[in-house]
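# Geometric and topological summary
Read off the chains here:
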There are 2 protein chains.
Amino acid sequence: MSSLRSTLDFLLHDWLKVAQLNERTRFSDHSRETFDAVLDTCERIAREKYAPFNRLVDTEEPRTVIDADGSLRVVLPEATKAAWQAYAGSGMLTAAQDYDVGGMQLPYTVEAAAGSFFGVASVSIGGGLLTIGNANLLMAHGTNLQKQVFALNEFNGRFSGTMCLSEPQAGSSLSDVATRAIPDGDNYQADPLGPRYRLKGNKMWISAGEHELTENIVHLVLAKIPGPDGRTVPGTRGISLFIVPKKLVGIDGQLTGERNDVALAGLNHKLGWRGTTNTLLNFGEGKFQPQGKAGAIGYLVGKPGEGLRCMFHMMNEARIGIGMAATALGLAGYYASLDYAKSRPQGRPLGPAGKDAAQPQVRIIEHADVKRMLLAQKSYCEGSLALMLYCARLVDEQHTGTPEDADEARLLLEVLTPIAKSWPSENCLEANSLAIQIHGGYGYTRDFPVEQYWRDQRLNMIHEGTHGIQATDLLGRKVVMEGGKGLQLLAGRVNGTIERAMQRPELAGHANALAKALQHVGAATKAAWATGEPTAALANAVPYMQAFGHMVLGWTWLDVLLAVPAGAQDAASIGRVHAARYFFHYELPKLGAWLKVVETRDPTCAETPEEAF
Amino acid sequence: MSSLRSTLDFLLHDWLKVAQLNERTRFSDHSRETFDAVLDTCERIAREKYAPFNRLVDTEEPRTVIDADGSLRVVLPEATKAAWQAYAGSGMLTAAQDYDVGGMQLPYTVEAAAGSFFGVASVSIGGGLLTIGNANLLMAHGTNLQKQVFALNEFNGRFSGTMCLSEPQAGSSLSDVATRAIPDGDNYQADPLGPRYRLKGNKMWISAGEHELTENIVHLVLAKIPGPDGRTVPGTRGISLFIVPKKLVGIDGQLTGERNDVALAGLNHKLGWRGTTNTLLNFGEGKFQPQGKAGAIGYLVGKPGEGLRCMFHMMNEARIGIGMAATALGLAGYYASLDYAKSRPQGRPLGPAGKDAAQPQVRIIEHADVKRMLLAQKSYCEGSLALMLYCARLVDEQHTGTPEDADEARLLLEVLTPIAKSWPSENCLEANSLAIQIHGGYGYTRDFPVEQYWRDQRLNMIHEGTHGIQATDLLGRKVVMEGGKGLQLLAGRVNGTIERAMQRPELAGHANALAKALQHVGAATKAAWATGEPTAALANAVPYMQAFGHMVLGWTWLDVLLAVPAGAQDAASIGRVHAARYFFHYELPKLGAWLKVVETRDPTCAETPEEAF
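Rules of the game
Residues numbered from 1 in each chain as written. Chains lettered and ligands numbered in written order. Predicted model: local features only at pLDDT ≥ 70, side-chain atom pairs only at ≥ 80, totals over all residues. Heavy atoms only, no water. Helix = DSSP H or I, 4+ residues; strand = E, 2+ residues; numbered from the N terminus. Rg over C-alpha atoms; globule rule 2.2 N^0.38 Å. Buried < 20%, exposed > 50% of the residue type's maximum accessible area, 1.4 Å probe, protein only. Contact = heavy atoms within 4.5 Å. Areas by Shrake-Rupley, 256 points an atom, 1.4 Å probe, with all protein chains shown as cover. Lys, Arg positive; Asp, Glu negative; His and termini not counted. Charge placed at Lys NZ, Arg CZ, Asp CG, Glu CD. Salt bridge = Lys/Arg side-chain N within 4 Å of Asp/Glu carboxyl O. Least-squares fit on C-alpha atoms with pLDDT ≥ 70 in both. 1 Å grid on protein atoms, 1.4 Å probe; cavity = no way out; pocket = protein on both sides within 12 Å on 5 of 7 lines; lining within 4 Å. Points joined across faces, edges and corners; volume = space filled by probe spheres on them. Nonpolar A, V, L, I, M, F, W, Y, C, P; charged D, E, K, R; others polar. Core = buried A, V, L, I, M, F, W, Y, C linked by side-chain atoms within 4.5 Å. UniProt positions renumbered as here; feature names shortened; annotations may be inferred. Buried area = accessible area lost by both parts, 1.4 Å probe. Polar contact = N/O pair within 3.5 Å; in protein donor to acceptor, adjacent residues only side chain to side chain. Expected span 1.5 Å × (residues − 1). Domains from an automatic or database assignment.

### Quick notes on the overall build of chain A
Across its full length, chain A carries 18 helices and 12 strands. Here chain A has a C-alpha radius of gyration of 25 Å; the compact-globule value for 613 residues is 25 Å, and the two agree. In terms of overall dimensions, chain A has C-alpha extents of about 85 × 60 × 55 Å along its principal axes. Within chain A, the proportion of its 613 residues that are buried is 63%. In chain A, of all internal contacts separated by at least 6 residues, the share reaching a separation of at least 24 is 75%. For chain A, the accessible area works out to roughly 21,000 Å², and carbon and sulfur atoms hold 52% of it. Here chain A contributes 59 positively and 65 negatively charged side chains, and the mean placements of these two sets differ by 2 Å.

### Quick notes on the pattern of salt bridges
Enumeration over the complete set of coordinates arrives at 82 salt bridges over all chains. Linking Glu210 of chain A and Arg259 of chain A is a salt bridge whose minimum nitrogen-to-oxygen distance equals 3.9 Å. Taken together, the positions of Glu210 of chain A in the loop between β5 (196–207) and β6 (216–224) and Arg259 of chain A in strand β9 (residues 255–259) put the pair 49 residues apart, joining distant regions of the chain. Exposure class is identical for Glu210 of chain A and Arg259 of chain A. Each is buried. Glu210 of chain B is the partner of Lys246 of chain B in a salt bridge, and the nearest nitrogen-oxygen pair spans 2.8 Å.

### Considerations on the relation of the copies chain A and chain B
Here chain A sits on chain B after a turn of 180° about the axis and a move of 0.0 Å along it, with an RMSD of 0.0 Å. Here the transformation between the copies is reduced to the relation of a two-fold axis. The position closest to the rotation axis in chain A is occupied by the C-alpha of Lys590 of chain A, lying 3.1 Å away. Same-surface contact between copies: 100% of interface residues of chain A are shared with the interface of chain B.

### What about empty space enclosed by the protein?
Unfilled space is identified by rolling a water-sized probe across the atoms. All names here are of chain A. Applying the stated criterion across every chain, the model contains 7 cavities of 30 Å³ or more. Of the volumes computed, that of the second largest cavity is approximately 60 Å³. Lining the second largest cavity are Glu61, Pro62, Leu267, Asn268, His269, Lys270, Arg274, Thr276, Thr277 and Asn278. Grouping the constituent residues of the lining of the second largest cavity by class yields 2 nonpolar, 5 polar and 3 charged.

### So, the environment of Phe448 of chain A
Residues and elements named next belong to chain A. By secondary structure assignment, the location of Phe448 is in the loop between α10 (403–439) and α11 (450–457). Overall, Phe448 belongs to the partly exposed group, its relative accessible area being 23%. A C-alpha to C-alpha distance of 47 Å links Phe448 and Lys224, two positions 224 residues apart in sequence. Those residues in contact with Phe448 that lie beyond four places of it in its chain are Arg55, Tyr340, His439 and Tyr442.

### Remarks on the environment of Asn432 of chain B
All names here are of chain B. You can see Asn432 is positioned in helix α10 (residues 403–439). A sequence separation of 174 residues divides Asn432 from Glu258, and the C-alpha atoms of the two residues are 46 Å apart. Asn432 has contacts with Leu329, Gly330, Gly333, Tyr453, Trp454 and Gln457, leaving out every residue within four places of it along the chain.

### Some thoughts on the nonpolar core
Counting 339 residues, the largest nonpolar core has Phe548 of chain A together with Phe548 of chain B as its most contacted members. Contacts of Phe548 of chain A, omitting those with residues within four sequence positions, involve Val415, Ile419, Leu474, Val479, Leu487, Leu490 and Val521 of chain A.

### A closer look at the UniProt feature "domain: Acetyl-CoA dehydrogenase-like C-terminal" (unreviewed entry) in chain A
As annotated in UniProt, the feature "domain: Acetyl-CoA dehydrogenase-like C-terminal" (unreviewed entry) corresponds to residues 492–608 of chain A in the numbering used here. In residues 492–608 of chain A, the share of helix is 73% and the share of strand is 0%. The end C-alpha atoms are 39 Å apart.

### A look at the interface of chain A and chain B
Facing 97 residues of chain A, the contacting portion of chain B comprises 97 residues. Taken together, both faces of the contact between chain A and chain B bury some 8,300 Å²; the carbon and sulfur share is 60%. Note that Asp176 of chain B and Arg348 of chain A form a salt bridge whose closest N and O atoms lie 2.5 Å from each other. On inspection of chain A and its partner chain B, the count reaches 46 residue pairs in polar contact (both at pLDDT 80 or more). Considering every element that reaches the side of chain A that touches chain B, the biggest residue donor is helix α17 (residues 571–587) of chain A, with 8 residues.

### Describing helix α2 (residues 32–50) of chain A
Residue and element names in this part refer to chain A. Taking 1.5 Å as the rise per residue, α2 with 19 residues should run 27 Å; its terminal C-alpha atoms sit 26 Å apart, in good agreement. Of all the residues in α2, the buried ones are Phe35, Asp36, Val38, Leu39, Cys42, Ile45, Ala46 and Tyr50. Tucked into the core, α2 has its buried residues touching α1 (4–15), α3 (54–59), α4 (78–89) and α5 (108–122).

### What about the domain arrangement of chain A?
Residue and element names in this part refer to chain A. When cut into domains, chain A gives domain 1 (1–127), domain 2 (160–305), domain 3 (306–465) and domain 4 (466–613). For domain 2 versus domain 3, the distance between C-alpha centres works out to 35 Å. Counting residues at the interface gives 18 residues for domain 2 and 16 residues for domain 3. Buried area between domain 2 and domain 3, both sides added, is near 1,400 Å², and the carbon and sulfur share of it is 78%. A per-residue breakdown of the area domain 2 buries against domain 3 is headed by Met163, Leu271 and Trp273, which together make up 45% of the total. Connecting domain 2 to domain 3 are 0 salt bridges. Every element with two or more residues in the side of domain 2 that touches domain 3 is listed here: β3 (159–164), β6 and β7 (239–245).

Structure below.
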């Protein structure tokens, strides 16, 4: 039976050949052994500190108590703190960083692979996704002191991080951010931690926005700086980025003892993913009076008006992180339903004379329809895992490849990110539903883990940019940017896979099907933009993204099969061959239905008048 | 804007012309006015007694307390009792029955339509589905005294009913029922309530199996009567059916004061549908000692060994009821997300020059992708509603049509029942997911109703025969039974619709698409059975059912459009035309991908060895 570890080993080494990265200077101290040690450690921590508490953090969801100073405090299960401490203690928060800041210069590909253990064990206890992303952003855009005071203390686990974009009146529409930042006194430019502002506004949907797992919380907050007339620039160009610590910090990185004016206004009570606190935060409402007056103290990161560009540094990583979380949840359901199917007796095989009730029942994995539901899950989830690791490998290429390779990797990542975020979110949700279905009535009870995976999973099509936003990003921007070069690059990679597959007779059928799919997606892209009207082109952006994603997954599976020796008869190889065949026979043919409305720029939905609903 | 009531009125009168039923003797006292009065009453009760408590029954799910006599008792919110009393008080439990047993001889079509109000308001508070089904079964198969003592007291709301099929070790596999029924003494045949047995066994997944909403609960229980050697007949042929009341009842219908040996062993804690208690019941474990000894007293219904045949009388009704519940949940999500989309400002329209951030935000219903998600919901859910009412109309035809029409209706129902149960269960789940998506992050919180609809909905693919069982029933039995006559009849109806649509130029495109779909389904049915091997034919029964269902819904929508006047420009008509067009443009083309694996009898899943997963 394939386990997560054996699948990761195959993908990392047989397929992606990550050990070749060790030839690069940055990774030259690494070897298969050091990579294995990282995977071993994460697998162990996930097994010991995460998996046993996944149901607990769902049942005992975060709640608030009123503290002595009148502020709300969040209470989490003890297990959450133990998990965080084990995670931070493992060094994984800083694994990818330079040696000179205490990192281990681990390739991102290996970091991402190792992170999947936590997602499978308990996605909502969570790892350091936000904290690492937050600190990485500061390493890229912060001053030296900002890096030292904030980022490095996130990497060592003392502080944790958030990203504060959404507001109650502006969820997906960042142009409408209304949080304002006013220079804090005449000497506001003189603060060693960065130009100091006072922020006022409300931020919604802030994950891990309040808790006591760490000494401090580093909020990265989008806000607008009013001009001399007191007005802000409309649109996203007016947005700046600020570090707003929950508790004020000195230049030595120690807490000053003073609380910043950031107050928890309330918790969101969610359908799932309950191990992670989700908050509404009030900045600068005057609940606290740092340095004697109301207003949340924030330090500008980068230049005024460049906040969104900086934030997207974090957002792209976050989107790949969501894809990985979706994949991990999908795999968790797959493993659970596979176990169940192997142990649950029910029914009898169909014979030519029907069923023989005098025979004992068989285990349900012997039924073709249960096998179909298992193979679908394997096909979706292991395919997603391969795609996520491929994207992670592109991140490494972007950071350590030759300038040409790095730029190619950057462009490919631009095109693939909406797919990496959306495809697992949608298809691993279906996988989780199939995991419930295999369990029958038991799957609908809270005595089995699969209903929780399905609930947790439902968030992934919403957070870090909804499905609709990913689709608009893909068709409206990514496939046309730089003259369509990203799409051409991807097509080149797909064609490379097709050419290699054509040389293996057993893969020629899949290769031909993929070639047709690629051609179809290309033609549909042109047809969508034939009139040049964004409204017409993007009316069916989601079906386009669904089809594009299926093409990408077909490519991923075919490429993975190239790493399976021809004629291999071991169970794992047969499993991969069948999962890929499932994808090509059952899934890829769906592409035509999605692209039909794209090609015709079908206006049925857009033209439905409001009163007709 | 279309409301449930206006949609029902259109489907019942403009499309199905149910008032024509009043020409039949059974319904001759009825008129549009009496039908309207029933709908008015149910709409009012649903609005007052169900809708306000839908979240409450989810939050305060059933719990148990230990009674003075040591037995477990179920505690439900007060609102549940008030809802039941209003429902029973409305006379709806007995609406379809003869005048001489206190009924109103209402057509089932109208009863089903009226029931949809309760499903939309709160599916899990529930109406009388199980109680009516239970009593209907007794009216068909019980003795006169069984009808009088049990069925009539269910119709008047004093008693409620359950169906007890599943056992912990035998969920979908009824052959493996292990509950045993032993004749209760030498005079067991002499009991006026029917041959008296003592039952012993455990029943799982029993909805409404324990509560105090009614004076008594009438369990209909499947069990096996051992032969003289103490052994039972393997398979479903050995199954008999028994009335097992929770509390013993005299021939006058009054409680004797003695408790039967039926004990609540525990509650299932579910993902959703929490307003309905779901129980594990122990029969005959000796917790109670009716008439001085252990063993649950049960009265045989019908003949020994014919239990399953009798039970399926109830099961088919239940399956249509599930389809209607799924439809109602889908509609509830559609209405909620439509309201939200009309009131939530967010983002700006795309213009040729992009978005203008200086303009105010628009309501999200103005975005094409939100319209797409709304139209998809409308297309799925109103299409399902039409199909369910069509099936209900067939039930009326079966009961009151000419012998030829009745037999045709029976056969059509046989073929359509798996679709009526499975299609809304699967597609209205997708509708509920889209309703969450439209709400964005808010949809993922418990502050809005849509996450609950989605959770409640997930049950429908599982209970009353899983998706896989419906698919096997359809492809393995229904389309081939009686020489394929059911499928031919359906094809005849579909072709009739196509012919009428061909005469309306604006419908010719849809008609052609449907004709191709029908031909494709027919060819795939033959191809699936080409080898005559059930294993090969049924390996892809679920994709077959998905395709078959889409063909049926395409037919339903086209037939509905025939009731929309050509060129009608009122909002409701435009809405139906667009919803149907959505189905034909976005959904029907999916059929090819599903049928591909059916036609080729694709063995990918069946041939995946267990160790390869």
